[in-house]
Amino acid sequence: MITALEALDRLREGNRRFVTDDPDLGSLANHTRRSQLVEGQNPFAIILGCSDSRVPAEIIFDQGLGDLFVIRVAGNIVAPSQIGSVEYAAAMFGTPLVVVMGHSMCGAVLATLEEHERATTHRSPNLRSIVDRIWPSLETFLETELRHDRPALVEAAIRANIRASVDHLRHGSQVLEGMIQNGELLIVGAEYSLETGIVEFLEARPPHA
C-alpha cells in the first residue's frame, strides 16, 4: 500500500489529467480489471463527498475500478453511518488517506441558508437532519460582514462545512483517531470547483498531526 502523501499526489495528478482532458486510458473499466477485483479490493484513498451529480469522485480524479472507496451524502456531512464506512475501509483495507470533498455552489449549504431565512414546518425530518449538521458552519458567518455578501458567505460556509466534517472524522471516532496518532491515516479536506474542474486541497497535515 502506498503512503498517504503518495495517495494525495496520485489524486492531484489524476485531477490534473481530468482538468486537461488527458485521461489515463488504463483507468477505464475493462473485463480484465473487473475480473481482478472479484476476490477483493485495495483502494488507495477514501473519498467522503457530496451526492451532487456533478461531483463524481472517480471521474474528477481520473481513477478506475477498485481505486477509490467513495462515500457520498448531501452536503458531505458526517453522521454515524459515514464514520462507520470510513472506519471499515481504513481498518479493513489499510487505506491511508481520507479526503472530505465539498464543492462550489453546494446545494445543501444553499438550502441550509434558505431554510433559516424562510423556515418551514413541512421540512422532512430526514432532510432537516442534514440542514442541522450544516447550520453551525454557516451560523458563525451570519454574525460578520459576510452576511451582506451572499456569494462570499456561501463560499465561506462551504469551506467551514468541509473543515467541520474533517474535524468530526478526526475526533469523532476512537478508531480513526488512534490510526491518525499511529501515523496510519491522514484526513484532509478539499473543494472541487464546478467552474474549473480543479480540486483544491485545503490542507495536508502529516499523518501524525
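Residues numbered from 1 in each chain as written. Predicted model: local features only at pLDDT ≥ 70, side-chain atom pairs only at ≥ 80, totals over all residues. Heavy atoms only, no water.

Q: I'd love a proper account of the packing of helix α5 (residues 107-117) against helix α6 (residues 125-139), names of residues and values included.
A: Where α5 meets α6, the closest approach of the two axes is 9 Å, and the angle between their N-to-C directions is 90°. By the angle between their directions, the pair α5 and α6 is classed as roughly perpendicular. Where α5 abuts α6, its residues A108, V109, T112, L113, E115 and H116 lie against R128, V131, I134, W135 and L138. When the residues that make up the contact of α5 with α6 are grouped by side-chain class, the tally is seven nonpolar, two polar and two charged. (Axes fitted to C-alpha atoms, helices over the stretch in contact; angles between N-to-C directions. Helix = DSSP H or I, 4+ residues; strand = E, 2+ residues; numbered from the N terminus. Parallel < 35°, antiparallel > 145°, perpendicular 65-115°, else oblique. Contact = heavy atoms within 4.5 Å. Nonpolar A, V, L, I, M, F, W, Y, C, P; charged D, E, K, R; others polar.)

Q: Describe the nonpolar core, listing the residues and the values that go with them.
A: In this structure, I46, V86, V109, L169 and L185 are the most contacted members of the largest nonpolar core, which totals 36 residues. Counting only elements with at least two residues in this core, the list comes to β1 (45-49), β2 (68-72), α4 (80-93), β3 (97-103), α5, α6, α7 (150-171) and α8 (174-181). The leading source of residues in this core is α7, at seven residues. With 21 residues, the next largest nonpolar core counts A57, I60, M101 and Y192 among its residues. (Core = buried A, V, L, I, M, F, W, Y, C linked by side-chain atoms within 4.5 Å. Buried < 20%, exposed > 50% of the residue type's maximum accessible area, 1.4 Å probe, protein only.)

Q: Provide a residue-level description of the environment of T144, including the pertinent values.
A: Along the chain, T144 turns up in the loop between α6 and α7. Residue class for T144 comes out partly exposed when judged on its relative accessible area of 30%. At 2.8 Å, the side chain of T144 and the backbone oxygen of F141 are in polar contact. (Polar contact = N/O pair within 3.5 Å; in protein donor to acceptor, adjacent residues only side chain to side chain.)

Q: Provide a residue-level description of the environment of E155, including the pertinent values.
A: One can find E155 in helix α7. The partly exposed category is assigned to E155, whose relative accessible area is 29%. Sequence-wise, E155 and N182 are 27 residues apart; in three dimensions their C-alpha atoms are separated by 34 Å.

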